[in-house]
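Chains, contacts and geometry: an overview
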Amino acid sequence: MAARVYIGGAAGFAGDRTDAAGPLVEALARLSGPRFLMFETLGERTLALAQLERRRDPQRGYNPALERFVGPVIADCLRHSIKIVGNFGAANSRAAAESIVALARAQGLRAPRIALVEGDDLTGNLSRAEFAKREIDGKILADNAQIVAANAYLGAAPIAQALDQGADIVVTGRVADSALALGPLMHACKWRNDDWDRLAAGTLAGHLLECGSQVTGGYFADPGFKDVPGMADLGYPIAEVDVDGEIVVTKPAGTGGRVDRLTVTEQLLYEIHDPAAYLAPDVVLDVTDVTVEEIGADRVRVSGARGRPAPETLKATVCIDGGFLGEAEISYAGLNAATRARLAAETVIARMQRRAPGLRIRTDVIGIVSVHGDSAGETIARAWDTGGQKDVRLRFAAQSMRRNEVELLLDEVEALYCAGPAGGAGVRRHVTPRLASASCLVELKFVKPSVTMLGEAT
Amino acid sequence: MPTVPLHEIATARAGDKGNRLNIALVCRDPAYYETVAAQVTADRVAEKFAARRPSRVVRYDLPKLFAFNFVLDDVLEGGVNASLGLDGHGKSLSFLLLEITVTMQQSRTRGAQGA
């Protein structure tokens, strides 16, 4: 049994820096003991989009960034026995695993042992009506919508099992993000699945790692108030976890960023609601007694996580067709710009009230108020005349199940080029298909996680 | 006694789940914890976010972390998959919270870079 386990957090979302893993692997290669590299690349919508892609092409539906994330480090990981765990399987873990095999072959490496964790896809397990009954505070599934994707957040046990079976690389679809670290810890430390405080500590370690550099100075800098050195070369995090669940967060030497009480505490509470009851598939995590202590340069000790028995249900995200989002923008600059922009906005709204009555339209004025305002427009109504801004960009947005309805709005914005106030410039317009998502709580009996070694019979 | 925006004495990070927003507020110096605890109530935060019509605001206190977690319900226009706004996640709203002002009880070191 390992005294200390090292886990590098190499990606916090699908669009993360793909060269972050290199310095992590270099640092892990110099250490001994069980070492893991985790990639979290599966946002809420990403999986539904992947599901649609797989329907069009059975060989797709996994994260296409996989090759760029794993390619640069797979040789060193195999050479130094650093195991890779990632949820880049998305809707097609098998195709993702096959692409890794091809990647290894192209680099002249031995074939890695790859395990697939599946069973998160619930589309065949429950009907729409059965999901609707299990929806958490919402009525998104009440209408007769076609389900695009339904995936449970699996826990850490199948990941630990895959590593127990000797996997070099574990490819998952939807799992709790923190399970990407807890699975390796359960495997390396032989933690029992009812050792709640240790499972809580492992979940907390995963939570600290799951957003990559958000714990090492990313998403933190506020010049003059919170300065971060080396933003262009941020070091991504390494968690050192001992068998009793004490965590030290650090980053590779020579990289940018910072690890201290503030960076760690911000991430510790990220996306947490009740700090005494953070629900994960394997444990309920209580962080109210956690302490964060600076013990050296870029070294922070996190201890005191407590756990309670795991919930009787798993969270699942169910996505349905959400119609179309239409957005259009136009700029006004120079003298009297804000007043001209206001006339443009009033003109568009007046015409839309005639052409598509009932269509809700949001108006933002980039340069005055565009993100902190409300959707009903009260904030902007008060802010129009406050500053005499000389460079503003109007933005309109609407959503509808009918594409032609949102196109009407975009046409009206484009028409401002000739029929609007003076000096309107730089119209951009686009339509994005949308997915609506609902969260459901699904009883464990409906979810059957599975572990398969690639190349072995299923 | 000087009045300052939270931005001078604390840091914040916003996160989302559906139509619910959380903002973690962390004191730059543990010495500020009591001042923030006394003045930055859930009601004051609800008032700051009034235009977004929160249906509920809860403050969770984390004295061992010198931090607070504010949870605001129904302020994200339905959440990232339904919002018409540019910031469907509400990520920029941490800096709206940091505009709330507090009156300092004692002298402090400006621009302290954490503990």
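One numbering rule holds for all chains: residues counted from 1, following each sequence as written. Here chains are named by letter from A upward and ligands by number from 1 upward, in the order in which they appear as written. Local features are withheld for residues below a pLDDT of 70 in this predicted model, meaning they are given only at 70 or higher, and side-chain atom pairs are given and counted only at 80 or more; totals for whole chains, interfaces and linings count all residues. Only hydrogens and water are set aside when side-chain values are computed; all heavy atoms of the structure are taken into account.

Now for helix α11 (residues 337-355) of chain A. A run of H or I in DSSP counts as a helix once it spans at least four residues, and a run of E counts as a strand once it spans at least two, with each numbered from the N terminus. Helix span is expected to be 1.5 Å times the residue number reduced by one. Taking 1.5 Å as the rise per residue, α11(A) with 19 residues should run 27 Å; its terminal C-alpha atoms sit 27 Å apart, in good agreement. Close packing links the buried residues of α11(A) with β14 (313-333), β15 (361-366), β16 (391-400) and α13 (403-419) of chain A. Throughout, a contact is declared for two residues whenever any of their heavy atoms are within 4.5 Å.

With that settled, consider the pattern of salt bridges. What makes a salt bridge here is a side-chain nitrogen of Lys or Arg within 4 Å of a carboxyl oxygen of Asp or Glu, nothing more. Under the defined criterion, the tally for this structure stands at 38 salt bridges over all chains. Across the pair A:K83 and A:D168 runs a salt bridge whose closest N-O atoms are separated by 3.8 Å. Taken together, the residues span a long stretch of sequence, with A:K83 in strand β3 (residues 82-86) and A:D168 in the loop between α7 (157-164) and β6 (169-172) at a distance of 85 residues. According to the relative accessible area criterion, A:K83 is partly exposed, its value standing at 22%. Burial here depends on accessible area, computed with a 1.4 Å probe over protein chains only, as a share of the maximum for the residue type. Under 20% is buried, over 50% is exposed, and the range in between is partly exposed. Accessibility expressed as a relative area gives 9% for A:D168, which makes it buried. A:E412 serves as the salt-bridge partner of A:R351, at 2.7 Å between the closest nitrogen and oxygen. Here A:R351 is found in helix α11, whereas its partner A:E412 is found in helix α13, with 61 residues between them in sequence. A relative accessible area of 35% means that A:R351 is categorised as partly exposed. Accessibility expressed as a relative area gives 5% for A:E412, which makes it buried. Three or more residues are tied together by salt bridges with common partners; here these are A:E327, A:R360, A:R362, A:D364, A:R395 and B:E77.

On to the side chain of A:D286, then. Residue and element names in this part refer to chain A. Mapped onto the elements, D286 comes out in strand β10 (residues 284-286). Residue classification places D286 among the buried positions, given a relative accessible area of 6%. Counting of polar contacts relies on pairs of N or O atoms within 3.5 Å, with two restrictions inside protein: one atom must be capable of donating a hydrogen and the other of accepting it, and residues adjacent in sequence are counted only when both atoms are side-chain atoms. At 2.6 Å, the side chain of D286 and the side chain of T288 are in polar contact. Polar contacts involving the side chain of D286 include one to the side chain of R306, which spans 2.8 Å. Beyond its immediate chain neighbours, meaning those up to four positions away, D286 contacts P275, A276, G304, A305, R306 and R308.

What follows concerns the packing of aromatic side chains. Aromatic rings from Phe, Tyr and Trp, taking only the six-membered ring of Trp, are treated as a pair when their centres fall within 6.5 Å; an angle between ring planes under 30 degrees marks them as stacked, one over 60 as edge-to-face, and anything in between as tilted. Per the counting criterion, the structure on display carries 3 aromatic pairs over all chains. With centroids separated by 4.6 Å and ring planes inclined at 5°, the aromatic side chains of B:Y33 and B:F68 adopt a geometry described as stacked. Placement of the pair is B:Y33 in helix α1 (residues 33-39) and B:F68 in strand β5 (residues 67-73), with a sequence separation of 35 residues. You'll find B:Y33 and B:F68 in the same group, each marked buried. One aromatic cluster is present, formed by A:F39, A:F69 and A:F88 through successive ring pairs. A cation over an aromatic ring shows up here: A:R60 above the ring of A:Y62, its NZ or CZ 5.3 Å from the ring centre. Two conditions define a charge located above a ring, namely a distance within 6 Å from the ring centre to NZ of Lys or CZ of Arg, and an angle within 35 degrees of the ring normal. Sitting over the ring of A:Y153, A:K315 keeps its end group 5.3 Å from the ring centre.

With that settled, consider the environment of A:M453. Residues and elements named next belong to chain A. Position of M453 among the secondary structure elements: in strand β18 (residues 450-453). Under the relative-accessibility criterion, M453 is labelled buried at 4%. With residues up to four places along the chain from it excluded, the contact list for M453 reads R113, I114, A115, Q165 and A167.

Grid points spaced at 1 Å over the protein atoms alone were grouped into cavities, where a 1.4 Å probe fits but cannot get out, and pockets, open sets with protein on both sides within 12 Å along at least five of seven lines, with lining residues defined by an atom within 4 Å of a point. Grid points are joined across faces, edges and corners, and a volume is the space filled by probe spheres set on the points. With the rule as written, the count across this model stands at 3 cavities of 30 Å³ or more. Of the pockets and cavities examined, the largest cavity occupies roughly 60 Å³. What lines the largest cavity is A:R362, A:S370, A:V371, B:R52, B:L76, B:E77, B:S83, B:G85, B:L86, B:D87 and B:G88. Only Asp, Glu, Lys and Arg are considered charged in this grouping, and only Ala, Val, Leu, Ile, Met, Phe, Trp, Tyr, Cys and Pro are considered nonpolar; every other residue, Gly among them, is considered polar. Across the lining of the largest cavity, the residue classes tally to 3 nonpolar, 4 polar and 4 charged.

In any sheet, the strands associate via hydrogen bonds between backbone groups, in a parallel or an antiparallel arrangement. All names here are of chain A. Reading across the sheet, the 3 strands line up as β9-β10-β13 and stay open at both edges, with antiparallel pairing between neighbours. Two strands in the sheet have a free side with no partner beyond their single neighbour: β9 (278-279) and β13 (306-308). Of the pairings in the sheet, the one linking β10 to β13 comprises 3 bridges and is antiparallel in character. Note on β13: the bridge partner recorded for D286 is R306. Sheet strands in contact with helix α9 (residues 196-209) are β9, β10 and β13, and its direction is about 115° off that of β13. When DSSP finds at least two bridges between two strands, those strands are taken to pair. Interaxial angles span 0 to 180 degrees and are taken between N-to-C directions of axes, which are lines fitted to C-alpha atoms, for helices over the stretch in contact.

If you check the domain split of chain A, you get domain 1 (4-119 + 154-311) and domain 2 (320-439). Start and end points for every domain follow an automatic or database-based domain assignment. Relative placement of domain 1 of chain A and domain 2 of chain A: their C-alpha centres are 40 Å apart.

Let's shift gears to the confidence of the model for chain B. Along the chain, pLDDT gives the predictor's confidence residue by residue, from 0 to 100. Overall, the prediction assigns chain B a mean pLDDT of 91, with 91% of residues at 70 or greater. Note that residues 110-115 of chain B has pLDDT below 50 and, in this model, 14 contacts with residues that lie over four places away or in other chains.

Turning to the environment of A:A65, a few remarks are in order. Residues and elements named next belong to chain A. Relative to the helices and strands, A65 resides in the loop between α2 (44-56) and α3 (66-70). The class for A65 is buried, based on a relative accessible area of 4%. For the pair A65 and A96, spaced 31 residues apart in the sequence, the C-alpha separation amounts to 10 Å.

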